[in-house]
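Chain and residue survey
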Amino acid sequence: MGKIATTFQNNGFTIVRKKVEISPKEETYFYQPILNSKPYFEWHGKVQVDDVAALRNLCEGHGGHISRNSLNANGKVRFITVREYESPKQFYDRVEKIHTILQANQIGLIKEQYELCIYDSREELDSGWIS
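A few points on the structure.

Rules used in this analysis
- Residues numbered from 1 in each chain as written.
- Predicted model: local features only at pLDDT ≥ 70, side-chain atom pairs only at ≥ 80, totals over all residues.
- Heavy atoms only, no water.
- Salt bridge = Lys/Arg side-chain N within 4 Å of Asp/Glu carboxyl O.
- Helix = DSSP H or I, 4+ residues; strand = E, 2+ residues; numbered from the N terminus.
- Buried < 20%, exposed > 50% of the residue type's maximum accessible area, 1.4 Å probe, protein only.
- Core = buried A, V, L, I, M, F, W, Y, C linked by side-chain atoms within 4.5 Å.
- Contact = heavy atoms within 4.5 Å.
- Phe/Tyr/Trp six-rings, centres within 6.5 Å; stacked < 30°, edge-to-face > 60°.
- Expected span 1.5 Å × (residues − 1).
- Arc of directions from axis to C-beta.
- Pairing = 2+ DSSP bridges.

Topic: the pattern of salt bridges
Per the counting criterion, the structure on display carries ten salt bridges. Arg83 is the salt-bridge partner of Glu42, the closest N and O atoms lying 2.8 Å from each other. Residue Glu42 is found in strand β2 (residues 40-48), and its partner Arg83 is found in strand β4 (residues 77-84); the two are separated by 41 residues along the sequence. The pair formed by Glu42 and Arg83 is uniform in burial state, with each residue classed as buried. Residues Glu60 and Arg56 are paired through a salt bridge, measuring 3.9 Å at the closest nitrogen-oxygen approach. Since its relative accessible area comes to 27%, Arg56 is described here as partly exposed. What you see here is one network of salt bridges that share partners, running through Lys19, Glu21, Glu42, Arg83 and Glu123.

With respect to the nonpolar core
If you look at soluble globular proteins, the nonpolar side chains tend to sit buried side by side. Residues Trp43, Val47, Leu55, Ile80, Ile98 and Leu102 are the most contacted members of the largest nonpolar core, which totals 18 residues. Secondary-structure elements contributing two or more residues to this core are β2, α3 (52-59), β4, α4 (88-104) and β5 (109-120). Considering each element in turn, this core owes the most residues, four residues, to α4. Apart from residues no more than four positions distant in its own chain, Ile98 is found in contact with Trp43, Cys59, His62, Gly64, Ile80 and Val82.

Digging into the packing of aromatic side chains
Any two aromatic rings considered together are summarised by their centre-to-centre distance and by the angle between their planes. On inspection of all chains with the given rule, the structure shows nine aromatic pairs. Aromatic side chains Phe91 and Tyr114 sit 6.2 Å apart centroid to centroid with 90° between the ring planes, which places their arrangement in the edge-to-face category. Residue Phe91 is found in helix α4, and its partner Tyr114 is found in strand β5; the two are separated by 23 residues along the sequence. Clustering of aromatic rings is evident, with ring pairs tying together Phe30, Tyr31, Phe41, Phe91, Tyr92 and Tyr114.

Topic: α4
Look at α4: 24 Å from first C-alpha to last across 17 residues, which is about the 24 Å you get at 1.5 Å a residue. For α4, the set of buried residues is Pro88, Phe91, Arg94, Val95, Ile98, His99, Ile101 and Leu102. Along the axis of α4, the buried residues cluster in a sector spanning 165°; they form a single face. Opposite the packed face of α4, turned more than 90 degrees from it, sit the exposed residues Lys89, Gln103 and Ala104. On its buried face, α4 sits against α2 (28-31), β2, α3, β4 and β5. Backbone geometry just after α4 places Gln106 at a positive phi near 55°.

What about the pairing of β4?
For β4, a buried count of seven out of eight residues is recorded, marking the element as mostly surrounded by other parts of the structure. Bridge analysis of β2 against β4 gives eight bridges, and the strand direction is antiparallel. Counterpart to Phe41 in the pairing with β4 is Glu84. Pairing geometry for strand β3 (residues 65-66) and β4, over two bridges, is antiparallel. Counterpart to Ile66 in the pairing with β4 is Ile80.

Structure below.
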């Protein structure tokens, strides 16, 4: 990772964060960290909604953070992120609750991704929006 970061820096890029994410099926690394970083599970769900405030109200009670910026011009595509430090069960339960809420409100997932972050050099970059 250091070599790759150096290559980017030598080509004019500023390195803000180094992060290693693996399949959440590799739970061993959640319980036995290999680096000086507390592992955490993360889920990202991509949705399209007309009312972002309503989506935020639906998801925040279950730890779902709604992205501020969308990746499209109309501003209707957002990402829901759930991060969990305590246990895989708690992580999957929280994501399932969000799935249920989305289904009940007829909000379809465009895409979703599950991850286990085993190293994050700048986790403080997320403070204030993720718990």
